[in-house]
Amino acid sequence: MKRFLALLLALGCCLSLCGCGGGGYGVNTVVTLVEQEYSLAFRNDDILYFTVTGAIEELAYEGRVAELSTKWFGRSDTVKFKKTENALEGLDIPADRTLIIGIDINSFPVAYLSAGVYWGFDVELAMSVCEKLGWTLAIQPIEKEDVYIELYSGNIDCAWGGIALVQKEVDSGKYTQYGPYLENDIVIAARDGTRTRTKLQLTGRNMAMSTTQEAMEALQTQPKIAERMGQITRLAGGTTECFTYLYSGKCDAVLTDSTALAYYNSH
């Protein structure tokens, strides 16, 4: 009888661990390197601002933003846009225009390129905006450091797609910001069950990261972590390849975005 009760207690402990992520399927932040947020940017005094943001706010009111937020990040309240029932009312909306957005294609799952197709949360929401307005969507890859140049050269109508604006440019009023609407920190993360929960436990661990300049700059914010680690592998395939490495056991941790964690933990 005592042996039977001991077995029951052991089973209960196992179930408790599984319920808390002990099975090792989740991926969680070990240390945050950079805190940032995504926004949209428009040319100053461009009336396009009111049309595009009005469409976004109506879509938020109608539940489309919450639907896409759940689809991409597993929660309806991850993305925060203002909800306005008749935000487009009274606006003179031009017909048959093309909206050109500038996206950072290294921002999986918010904006990225897959098999020659642009996709992600921001891309899908921009498609919904254009559908509501009767417009055509065009996409132009850009770097966040070039937002001002891309806007005022006329190469894009707005920067929208995984764009963390340069704070100095926002503060100096070089363009008009809409947002922020989505938090996206750059983090080092590991799988549940690997006993890697603090930055000290990263000592000797192998990590995968993308080859982007932003990823390198984020790692340099805490150089002692990089010095204590074992092998650091830079992968040209970006976020998706990093997570493939992590799930296959080729690395112990990844340098990635918090939005990517939300995506992989809900898919």
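The structure under discussion appears in the preceding block.
For the structure given in this document, a descriptive report is provided here. (Residues numbered from 1 in each chain as written. Predicted model: local features only at pLDDT ≥ 70, side-chain atom pairs only at ≥ 80, totals over all residues. Heavy atoms only, no water.)

1. Some words on the overall build of the protein
So, step 1. Assigned secondary structure in the protein consists of 10 helices and 13 strands.
So, step 2. Taken along its principal axes, the extent of the C-alpha atoms in the protein is 80 × 45 × 35 Å.
So, step 3. In the protein, which comprises 267 residues, the proportion classed as buried is 43%.
So, step 4. Long-range pairs, those at least 24 residues apart, make up 76% of the contacts in the protein between residues at least 6 apart in sequence.
So, step 5. Counting every atom, the protein has about 13,800 Å² of accessible surface; 52% of that belongs to carbon and sulfur.
So, step 6. Between the averaged position of the 23 positive side-chain charges in the protein and that of its 33 negative side-chain charges there is a distance of 15 Å. (Helix = DSSP H or I, 4+ residues; strand = E, 2+ residues; numbered from the N terminus. Buried < 20%, exposed > 50% of the residue type's maximum accessible area, 1.4 Å probe, protein only. Contact = heavy atoms within 4.5 Å. Areas by Shrake-Rupley, 256 points an atom, 1.4 Å probe, with all protein chains shown as cover. Lys, Arg positive; Asp, Glu negative; His and termini not counted. Charge placed at Lys NZ, Arg CZ, Asp CG, Glu CD.)

2. Let's talk about the nonpolar core
So, step 1. Of all hydrophobic cores here, the largest spans 52 residues; its most connected members are Phe81, Trp160 and Tyr181.
So, step 2. Counting 16 residues, the second largest nonpolar core, distinct from the first, contains Val30, Val31, Leu33 and Ala190. (Core = buried A, V, L, I, M, F, W, Y, C linked by side-chain atoms within 4.5 Å.)

3. With respect to the sheet that holds strand 2 (residues 37–42)
So, step 1. Taken in spatial order, the five strands make up an open sheet running 7-3-8-2-9, and their pairing is mixed. At either end of the open sheet lies a strand with only one pairing partner, and these are strand 7 (136–141) and strand 9 (176–183).
So, step 2. Across two bridges, strand 3 (residues 98–103) lies against strand 8 (residues 158–159) in parallel orientation. From the neighbouring strand, Ile101 faces strand 8, where its bridge partner is Cys158. (Pairing = 2+ DSSP bridges.)

4. Brief notes about the pattern of salt bridges
Side-chain pairing between opposite charges can occur once the charged atoms of the two side chains come close.
So, step 1. Inspection of every chain in the model, using the stated rule, returns 10 salt bridges.
So, step 2. Linking Asp157 and Arg43 is a salt bridge whose minimum nitrogen-to-oxygen distance equals 3.6 Å. Of this pair, Asp157 sits in the loop between helix 5 (147–152) and strand 8 while Arg43 sits in the loop between strand 2 and helix 2 (48–62), and the two are 114 residues apart along the sequence.
So, step 3. Note that Glu124 is salt-bridged to Lys71, the shortest N-O span being 2.9 Å. Of the two residues, Glu124 is situated in helix 4 (residues 121–133) and Lys71 in helix 3 (residues 64–73); the sequence distance between them amounts to 53 residues. (Salt bridge = Lys/Arg side-chain N within 4 Å of Asp/Glu carboxyl O.)

5. As for the sheet that holds strand 6 (residues 117–119)
Two pairing modes exist for strands in a sheet, parallel and antiparallel, and in both the strands are linked by backbone hydrogen bonds.
So, step 1. One open sheet holds the three strands; their spatial order is 4-5-6, and the pairing between them is antiparallel. Both outer strands of the open sheet, strand 4 (106–107) and strand 6, are each paired with one neighbouring strand and no more.
So, step 2. Pairing analysis gives two bridges linking strand 4 to strand 5 (residues 111–114), with the strands arranged antiparallel. Counted as the bridge partner of Asn106 is Tyr112 from strand 5.

6. Some details on helix 3
So, step 1. For helix 3, the full list of buried residues reads Val65, Leu68, Ser69, Trp72 and Phe73. Along the axis of helix 3, the buried positions cluster into a sector of 105°, meaning they face one direction only.
So, step 2. Buried residues belonging to helix 3 abut helix 2, strand 5, strand 6, helix 4, strand 9 and helix 10 (258–265).
So, step 3. Where helix 3 ends, the next residue or the one after it, Gly74, has phi of about 85°, a positive value. (Arc of directions from axis to C-beta.)

7. Quick word on the packing of helix 2 against helix 4
So, step 1. Remark: helix 2 packs on helix 4, axes separated minimally by 9 Å, with the N-to-C direction vectors making an angle of 100°. If you check the angle between helix 2 and helix 4, you find them roughly perpendicular. Where helix 2 approaches helix 4, its residues Thr51, Val52, Ala55, Ile56, Glu58, Leu59 and Glu62 are matched on the opposing element by Leu125, Ser128, Val129, Lys132 and Leu133.
So, step 2. Of the residues belonging to the contact of helix 2 with helix 4, the class tally is seven nonpolar, two polar and three charged. (Axes fitted to C-alpha atoms, helices over the stretch in contact; angles between N-to-C directions. Parallel < 35°, antiparallel > 145°, perpendicular 65-115°, else oblique. Nonpolar A, V, L, I, M, F, W, Y, C, P; charged D, E, K, R; others polar.)

8. A look at the layout of surface pockets
So, step 1. By volume, the largest pocket is sized at about 590 Å³.
So, step 2. Elements that contribute at least two residues to the lining of the largest pocket include exactly strand 4, strand 5, helix 7 (213–219), helix 9 (238–248) and strand 13 (253–257).
So, step 3. Roughly 280 Å³ of internal volume is contained in the second largest pocket.
So, step 4. Counted by class, the lining of the second largest pocket contains five nonpolar, three polar and six charged residues. (1 Å grid on protein atoms, 1.4 Å probe; cavity = no way out; pocket = protein on both sides within 12 Å on 5 of 7 lines; lining within 4 Å. Points joined across faces, edges and corners; volume = space filled by probe spheres on them.)

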